[in-house]
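# Examining the three-dimensional arrangement
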Amino acid sequence: MLNRNVRPTTIDGVKRLAIEIRKKSGIQHSAALDRAAQAANCSNYRNARRVLPARAVMYARPYVLLTIYWRDEKKPQNIGRETLNISLSKPIIHICDKLALKYARGFGDLRMVADDHFVCDTLAQTQVRARERLCTAERSLRFMEYTGLRPCRNHRKNYPDGSSKDSLPNNDHATRWIDPTIGQFILVDEPYKGAPDDLERTKWAIRHRWSISKTSWAGMYNPYECDLYIATENSPNYDLDALTKKINNMPPPLLEKNWTGESVLSWNMFVSPMANTPQDIRRARSQATVIPKASTTSLPCSYKPGSRTRRPVGALGIEGHIHAGRIIKAILWSGMLSDGVHIRLNSLRSTLESWMSFEIKPGELEGSEFFDVYYHQPQEADPYNGRAKSRDGIVALLGELKGQLQATYQDCAPLRQQIRRIEMSATLVNKMKIIAN
């Protein structure tokens, strides 16, 4: 049986795969060569003969590939993929670990799918926007490569005294970094040109015993429109001037207008050379390009590509939702709940209200009637209010709500998530130390 997961990376590999395709499919050898070339992410065999040797040279040194798919919001029929190849001095995981990368500008929406490839699971609104996002990620990566700094997750480091009221004056588009060799915190500030009050910032630095340095590099956030400053606490063990020199010696930042990546006007999945296993290839698919499908137990809330919100098969009906809403409102208005219970029940009723909107018919529960089901104060005469005045009463109501949902909806991940919220709420209520009886 033909292995559809084979991804040749050389011309010889394409030829071998073409022979296998020809034998299995009975097609002409030229057609088999084109099909094999497509498995190597080339348009046809002629394209493969030109591209694959160049790739071999390109991938001989460390690199990383960043991919974003897009759909034009004004012309939805226009779709595509942008992939940027970034040559590096060393493998990306040696520049920054995968967890810390999530905190670097441009990498927040990128998912590592292979040792050499990151994919975005959200669609860019235009081709230009996709390129801009990839260029932003490239600038952040290049900054880490040249400076040795890593993203810092502790936002309190921004404030010398721990108070946001005394942050660096006029700071804008700031990012947090740390020198991993000695743990020195570095604030990178990128305000628009001419915006900062230099005198006020100097006074702030003197007051907090910090130093501020303005670099000549065009920056990461919005090159040539913003200036890049670095600031850090004074330390005899840290040379801010040396860091400034490193940044000043960086090459000009990559801009969308100077795009050097690969552009394809389709959502055909791009697979990188280091995607060696079937699991790697599956991971390479951007969730943004997956069209949701109904299953026997759950339904998509939207059939738009990339939509991942689902709801269970089944329907509470109007009376069922009103009953569930009465329970939730009685508990929330009992005045006896911890923040943890409030958060979970608020999320639960928001989800159930969303499911209700799919289940009711046009013209049913319009206007305020719809919102009254799960929101607003419960009616004073509702007997559930009295039951919600004790620990045991609240736990019993939660158990009743859980049973109602399980009896109505098919077992699936969206339902189980709501059941866990109910069960955890009951656990937290049982742990309350003081409760009125």
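As the structure is a computational prediction, the values presented were derived from the model and not from experiment.

In terms of helices and strands, the protein carries 15 helices and twelve strands. Computed over C-alpha atoms, the radius of gyration of the protein comes to 28 Å, more than 25% over the 22 Å expected from 2.2 N^0.38 for 437 residues, which places it beyond the range of a compact globule. If one aligns the C-alpha atoms of the protein with their principal axes, the spans along those axes are about 80 × 75 × 40 Å. Looking at the protein alone, contacts between residues at least 24 apart form 65% of all its contacts between residues at least 6 apart. For the protein, the exposed area adds up to about 23,200 Å²; of that, 49% sits on carbon and sulfur atoms.

Let's shift gears to unusual backbone geometry. Here asparagine 170, not a glycine, exhibits a phi torsion of approximately 60°, which is positive. Secondary-structure assignment places asparagine 170 in the loop between strand S5 (150–151) and strand S6 (175–179). With relative accessibility at 34%, the residue asparagine 170 sits in the partly exposed group. Of note in this structure, tyrosine 224 is not a glycine but carries a positive phi near 75°.

Before going further, it helps to spend a moment on the side chain of threonine 232. Tracing the sequence through the fold places threonine 232 in strand S9 (residues 229–233). At 2.8 Å, the side chain of threonine 232 forms a polar contact with the side chain of glutamine 184. With residues near it in sequence (within four places) discarded, threonine 232 still touches Gln184, Phe185, Ile186, Trp210, Ser211, Tyr238 and Leu240.

It is worth spelling out the pairing of strand S1 (residues 63–71) at this point. Taken across its nine residues, S1 has eight buried, putting it largely inside the fold. In this structure, S1 lies alongside strand S2 (residues 79–87), joined through nine bridges in antiparallel fashion. Directly across from threonine 67, in S2, lies its bridge partner threonine 83. As paired strands, S1 and strand S4 (residues 117–120) are joined by three bridges and run parallel to one another. In the strand pairing of S4, leucine 65 is matched with histidine 117.

Right, let's get into the pattern of salt bridges. Counted under the stated rule, the structure contains 16 salt bridges. As a salt-bridge pair, glutamate 190 and arginine 105 come within 3.4 Å of each other at their nearest N and O atoms. Highlighted residues: glutamate 190 in the loop between strand S7 (184–189) and helix H7 (198–208) and arginine 105 in the loop between helix H5 (98–101) and strand S3 (110–114), separated in sequence by 85 residues. Exposure remark for glutamate 190: the relative accessible area of 1% places this residue in the buried category. The partly exposed category is assigned to arginine 105, whose relative accessible area is 22%. Glutamate 423 is paired through a salt bridge with lysine 402; the nearest N and O atoms lie 2.7 Å apart.

Looking now at the sheet that holds strand S10 (residues 262–264). The five strands lie next to each other as S3-S4-S1-S2-S10, forming an open sheet whose pairing is mixed. Edge positions in the sheet fall to S3 and S10, since each has one partner strand and no second. For this sheet the average axis-to-axis angle between neighbouring strands, irrespective of direction, equals 20°. Docked against the sheet, helix H6 (residues 127–147) engages S1, S2, S3, S4 and S10, running at close to 20° with respect to S2.

In space, the five strands of this open sheet follow the order S5-S6-S7-S9-S8, with antiparallel pairing throughout. Each end of this open sheet is capped by a strand with a single partner; those strands are S5 and strand S8 (210–214). Pairing of S5 with S6 involves two bridges; the strand directions are antiparallel. Counted as the bridge partner of proline 151 is tryptophan 177 from S6. Here H7 sits on the sheet and contacts S7, S8 and S9; the angle it forms with S8, its principal contact strand, is near 145°.

About the cut-offs
Residues numbered from 1 in each chain as written. Predicted model: local features only at pLDDT ≥ 70, side-chain atom pairs only at ≥ 80, totals over all residues. Heavy atoms only, no water. Helix = DSSP H or I, 4+ residues; strand = E, 2+ residues; numbered from the N terminus. Rg over C-alpha atoms; globule rule 2.2 N^0.38 Å. Contact = heavy atoms within 4.5 Å. Areas by Shrake-Rupley, 256 points an atom, 1.4 Å probe, with all protein chains shown as cover. Buried < 20%, exposed > 50% of the residue type's maximum accessible area, 1.4 Å probe, protein only. Polar contact = N/O pair within 3.5 Å; in protein donor to acceptor, adjacent residues only side chain to side chain. Pairing = 2+ DSSP bridges. Salt bridge = Lys/Arg side-chain N within 4 Å of Asp/Glu carboxyl O. Axes fitted to C-alpha atoms, helices over the stretch in contact; angles between N-to-C directions.

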